[in-house]
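# Chains, contacts and geometry: an overview
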Amino acid sequence: MTLVMTLLVRDEADIIAANIDYHLLQGVDFIIATDNRSEDATPRILKSYEAKGVLRYILEPADDYDQGRWVTRMARMAYADHGASWVINNDADEFWWPSQGSLRDVFDTVAAGVGILRAQRHNFIVVEGDEPFFERMIYREAQSYNILGQPLPPKVSHRGSAEVKVMQGNHNVVGITPTNIQNGLVEILHYPIRSYAQIENKIAKGGAAYERNPSLPPSMGRTWRMLYDELKFSGNLRRYFAENCPAKGRLQQMLQSGKLISDTRLLSYLHQHASPSELGVSGSGGI
């Protein structure tokens, strides 16, 4: 069984090394990464893994966030060029957590009649500080919702295929046989907002890219589009950031009410299995 992960990234230097190291430790054999116009240290970090022989680096210069097409390209490449039995189409802020054992254990034992694994996502809230994100962000929502108040949509992984088509957002795929879907074997620990500068940069660039893609309907990327409109209207995303970065008193209330849950699984795992130098973590919490 060969497990390949794809990554589509842009300016993810604060999290990408931890993401890659975690998934390699969990049994991912190889990573294909598409870098879409990063201006921080992301390209250097990715190329350091390419030099180790565990990653293939692709530069995507287009600025229209055609995610579905770019991820489909990587997913097919995973099968055709790297012999992938299973493909995880991942984002830099998502950590696929197995229900038991390792990710390799999970994918290695999926029934032959299952072609797709569906994974629910859990958002972790921001706690500001200079430490790496996994040191600070140890509280997650009991139930995560998107900006529209709808349950956060899950992501899917799939068996390797030359015919697969990954839909925008990595929430669905077509062209996979068998078509049966299994739930509950994997969940995703999601760290979408890690600092104010990070989320403003993400929405400013991603929202503008969505506007430049006339082939995508307005319903696609709605969260990014709405936040981009807020950024253009208000000049900042401070309101949105404050909602996701509760002050100490509000944080305690949310924990007591059960809205938030303490979850230190990733913190404990990385402390146990990876050294700070392996994660690329400097004394200032950056990479």
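### Structural notes on the overall build of the protein
Broken down by element type, the protein carries 11 helices and 12 strands. Taking 287 residues into account, the globule formula puts the C-alpha radius of gyration at 19 Å, and the protein, at 18 Å, falls close to it. Taken over the C-alpha atoms alone, the protein extends approximately 50 × 45 × 35 Å along its principal axes. Among the 287 residues that make up the protein, the fraction classed as buried is 53%. Within the protein, counting contacts between residues at least 6 apart in sequence, those at least 24 apart form 74% of the total. Carbon and sulfur atoms form 50% of the exposed surface of the protein, whose accessible area is close to 12,600 Å². One way to put it: in the protein the 30 positive side-chain charges average out to a point 4 Å from where the 33 negative ones average out.

### Remarks on the nonpolar core
As a rule of thumb, soluble globular proteins bury nonpolar side chains together. Counting 51 residues, the largest nonpolar core has Phe-95, Phe-133, Tyr-191 and Leu-266 as its most contacted members. It is helix H1 (residues 16-25) that contributes the most residues to this core, 5 residues altogether. When near neighbours in sequence (up to four residues on either side) are disregarded, Phe-133 contacts Asp-14, Ile-15, Ala-18, Phe-95, Tyr-191, Arg-194 and Leu-266. Counting residues in each nonpolar core, the second largest holds 37 residues, with Leu-8, Trp-70, Val-71 and Ile-203 among its members.

### Quick look at helix H7 (residues 222-234)
Relative to the 18 Å expected for 13 residues at 1.5 Å per residue, H7 spans 18 Å between its end C-alpha atoms, a close match to the ideal helical length. The secondary structure elements touched by the buried residues of H7 are helix H6 (196-211) and helix H8 (238-243). At the C-terminal side of H7, Gly-235 shows a positive phi close to 85°.

### Details of the confidence of the model for the protein
In the predicted model, the protein carries a mean pLDDT of 94, and 95% of its residues have values of at least 70. Between residues 282-287, whose pLDDT stays under 50, and residues either more than four places distant or in other chains, the model counts 15 contacts.

### Examining the packing of H6 against H7
At a minimum axis separation of 8 Å, H6 and H7 run at an interaxial angle of 110°. The pairing of H6 with H7 is recorded here as roughly perpendicular in orientation. Where H6 abuts H7, its residues Glu-200, Lys-202, Ile-203, Ala-204, Gly-206, Gly-207, Ala-208, Tyr-210 and Glu-211 lie against Trp-224, Arg-225, Leu-227, Tyr-228, Asp-229, Leu-231 and Lys-232. Partitioning the contact of H6 with H7 into residue classes produces 8 nonpolar, 2 polar and 6 charged.

### Describing the environment of Glu-60
In this structure, Glu-60 sits in the loop between strand E3 (55-59) and helix H3 (67-82). Other than its neighbours up to four places away in sequence, Glu-60 contacts Thr-34, Asp-35, Asn-36, Arg-37, Trp-70 and Arg-73.

About the criteria used
Residues numbered from 1 in each chain as written. Predicted model: local features only at pLDDT ≥ 70, side-chain atom pairs only at ≥ 80, totals over all residues. Heavy atoms only, no water. Helix = DSSP H or I, 4+ residues; strand = E, 2+ residues; numbered from the N terminus. Rg over C-alpha atoms; globule rule 2.2 N^0.38 Å. Buried < 20%, exposed > 50% of the residue type's maximum accessible area, 1.4 Å probe, protein only. Contact = heavy atoms within 4.5 Å. Areas by Shrake-Rupley, 256 points an atom, 1.4 Å probe, with all protein chains shown as cover. Lys, Arg positive; Asp, Glu negative; His and termini not counted. Charge placed at Lys NZ, Arg CZ, Asp CG, Glu CD. Core = buried A, V, L, I, M, F, W, Y, C linked by side-chain atoms within 4.5 Å. Expected span 1.5 Å × (residues − 1). pLDDT = per-residue confidence, 0-100. Axes fitted to C-alpha atoms, helices over the stretch in contact; angles between N-to-C directions. Parallel < 35°, antiparallel > 145°, perpendicular 65-115°, else oblique. Nonpolar A, V, L, I, M, F, W, Y, C, P; charged D, E, K, R; others polar.

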